[in-house]
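# Architecture and fold: a report
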Amino acid sequence: MWSDFCKSLARLFAPAAFAALTAGAALAADPCADHVPQPKPQNASRDIVGQDIDQITERGYMTFAVYEDHAPYSWEDRGQPRGVDVEIARLIAAYIGVEARFRFVAAGENLDADLRHNIWQGPILGGAVSNVMLRVPYDSSFQCRVEQVVFPGQYQVESLAIAYSEASYPDSKPVPAYFRFDTVAVENDSIADFYLTSFAGGQTAAGVRRYPSMQAAMAALNAGEVMAAMGPLAQLEYFAADGVAIHQPPLPGLARSQWTLGAAVHFAYRPLSYTVGDAVTEALSDGRIAGIFAAYGLTHKPPEW
């Protein structure tokens, strides 16, 4: 189960590349300098029918791929779709004038696989592609590498933060160096996990406690089993109980502690991708997306253009 924004970064980059991120390596001036053209999908799936915006409008609905069990972004509550991404999907569908329908999907081996299975080719065993996938990390070099997909409608900048027990830290706020001695919960195999186990030559690894999800990590903090937790700000905010505070200290050695998230659409359906982008831009401008985040008790940071 993928329930941590940070894991999206871990899956976007190969493990070897994470060392460059933590070392503060600068991005190439030309993100497409090493571009190698990728094969375009040809008759990849019979289920590709229905992706054109005219067909979507005619049939009266569009499909969105969202990650399963990924609160506060997307999950099912007694069979009803809930979450920030679900509400943003409904805004997009309303802009087009159709109904939003949801496919809750599990994370694949990496982001390339998620896009292949849900946007441009289809699952290995049964199922169909979706018109739009949400909560997709945007990166210019990744965009160059994956030509089968376009990435419109960036709607959020997610960032890492530290939640902590106010009783454990009455006079100060914890920073990464504290975890040489203090305990900190992380989601297993997330960027927070990688960062804290390698920080300062591994000096903070002893304090790391791993959990299968960010929700479980925050439950441990809420119960007093650990002193702090590190992960995506939105998940920390959503799962924090009384007596837990959150802050965003500097993260020495981590070149990228925030990430822009948006939508993904099959490359062949540009009118649809343009419309998705227009819908998100309008909803950002008039405050509706910020209102969705506020309704879930979350801080919204819009993309910076």
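If you're wondering where the values come from, they're calculated on a predicted model, not measured in any experiment.

### Quick look at unusual backbone geometry
Of the consecutive residues alanine 71 and proline 72, the connecting peptide bond is found in the cis state with omega at 5°. At arginine 78, a residue that is not glycine, the phi angle is positive and equals roughly 55°. Here the phi dihedral of aspartate 189 falls at roughly 65°; this positive angle occurs in a residue that is not glycine. Along the chain, aspartate 189 turns up in the loop between strand S8 (184-187) and helix H7 (191-198). Among the residues examined, aspartate 189 registers a relative accessible area of 41% and is labelled partly exposed.

### Some remarks on the pattern of salt bridges
Enumeration according to the criterion identifies seven salt bridges in this entry. Note that glutamate 99 is salt-bridged to arginine 101, the shortest N-O span being 3.5 Å. Judged by its relative accessible area of 41%, glutamate 99 is partly exposed. A residue is classified by how much of its surface remains accessible, and arginine 101, at 37% relative accessible area, is partly exposed. When the shortest N-O distance is used, the salt bridge between glutamate 282 and arginine 288 registers 3.2 Å. Residue class for arginine 288 comes out partly exposed when judged on its relative accessible area of 33%. One salt-bridge network, in which partners are shared between bridges, spans Glu282, Asp286 and Arg288.

### Points about the nonpolar core
Counting residues in each nonpolar core, the largest one holds 54 residues, and the members touching the most others are Met62, Phe64, Ile92, Leu134, Met218 and Leu272. For this core, the leading source of residues is helix H4 (residues 84-96), giving eight residues. In this structure, isoleucine 92 is in contact with Met62, Phe64, Leu134, Val276, Ala279 and Val280, ignoring residues within four places of it in sequence. Residues Ile162, Tyr164, Val186 and Ala245 belong to the second largest nonpolar core, which totals 18 residues.

### Focus: the pairing of strand S7 (residues 156-165)
Most of S7 sits inside the fold, with ten of its ten residues counted as buried. By the alternation rule, side chains of S7 split into Gln156, Glu158, Leu160, Ile162 and Tyr164 and Val157, Ser159, Ala161, Ala163 and Ser165, which are all buried. Inspection of the sheet shows S7 paired to strand S12 (residues 258-266) by four bridges, in the antiparallel sense. Bridge pairing in S12 links glutamate 158 to tryptophan 259. As judged from the five bridges shared by S7 and strand S10 (residues 228-232), these two strands associate in the antiparallel manner. Bridge pairing links alanine 161 to glycine 231 in S10.

### A short note on the environment of proline 232
If you trace the backbone, proline 232 turns up in strand S10. Sequence separation between proline 232 and glutamine 258 is 26 residues; the distance between their C-alpha atoms is 8.8 Å.

### Observations concerning the confidence of the model for the chain
Scored by pLDDT, the chain comes out at a mean of 86, with 83% of its residues at no less than 70. Every residue in residues 1-8 is under pLDDT 50, and counting partners more than four places away or in other chains gives 45 contacts.

### Digging into H4
An α-helix turns once every 3.6 residues. As a result, residues three or four positions apart point the same way. End to end, H4 covers 19 Å across 13 residues, agreeing with the expected 18 Å (1.5 Å per residue, within 8%). Buried within H4 are the following residues: Val84, Asp85, Val86, Ile88, Ala89, Leu91, Ile92, Ala93 and Ile96. Positive backbone phi, at 95°, marks glycine 97, one or two positions downstream of H4.

### Examining helix H11 (residues 288-295)
Taken as a whole, H11 has its buried residues at Ile289, Ile292 and Phe293. All buried residues of H11 fall inside an arc of 95° around its axis, so they share one side. Residues Ala294 and Ala295 are exposed on H11 and point more than 90 degrees away from its buried face. Considering only its buried residues, H11 is in contact with H4, S7 and helix H10 (270-285).

Thresholds, definitions, all that
Residues numbered from 1 in each chain as written. Predicted model: local features only at pLDDT ≥ 70, side-chain atom pairs only at ≥ 80, totals over all residues. Heavy atoms only, no water. Helix = DSSP H or I, 4+ residues; strand = E, 2+ residues; numbered from the N terminus. Buried < 20%, exposed > 50% of the residue type's maximum accessible area, 1.4 Å probe, protein only. Salt bridge = Lys/Arg side-chain N within 4 Å of Asp/Glu carboxyl O. Core = buried A, V, L, I, M, F, W, Y, C linked by side-chain atoms within 4.5 Å. Contact = heavy atoms within 4.5 Å. Pairing = 2+ DSSP bridges. pLDDT = per-residue confidence, 0-100. Expected span 1.5 Å × (residues − 1). Arc of directions from axis to C-beta.

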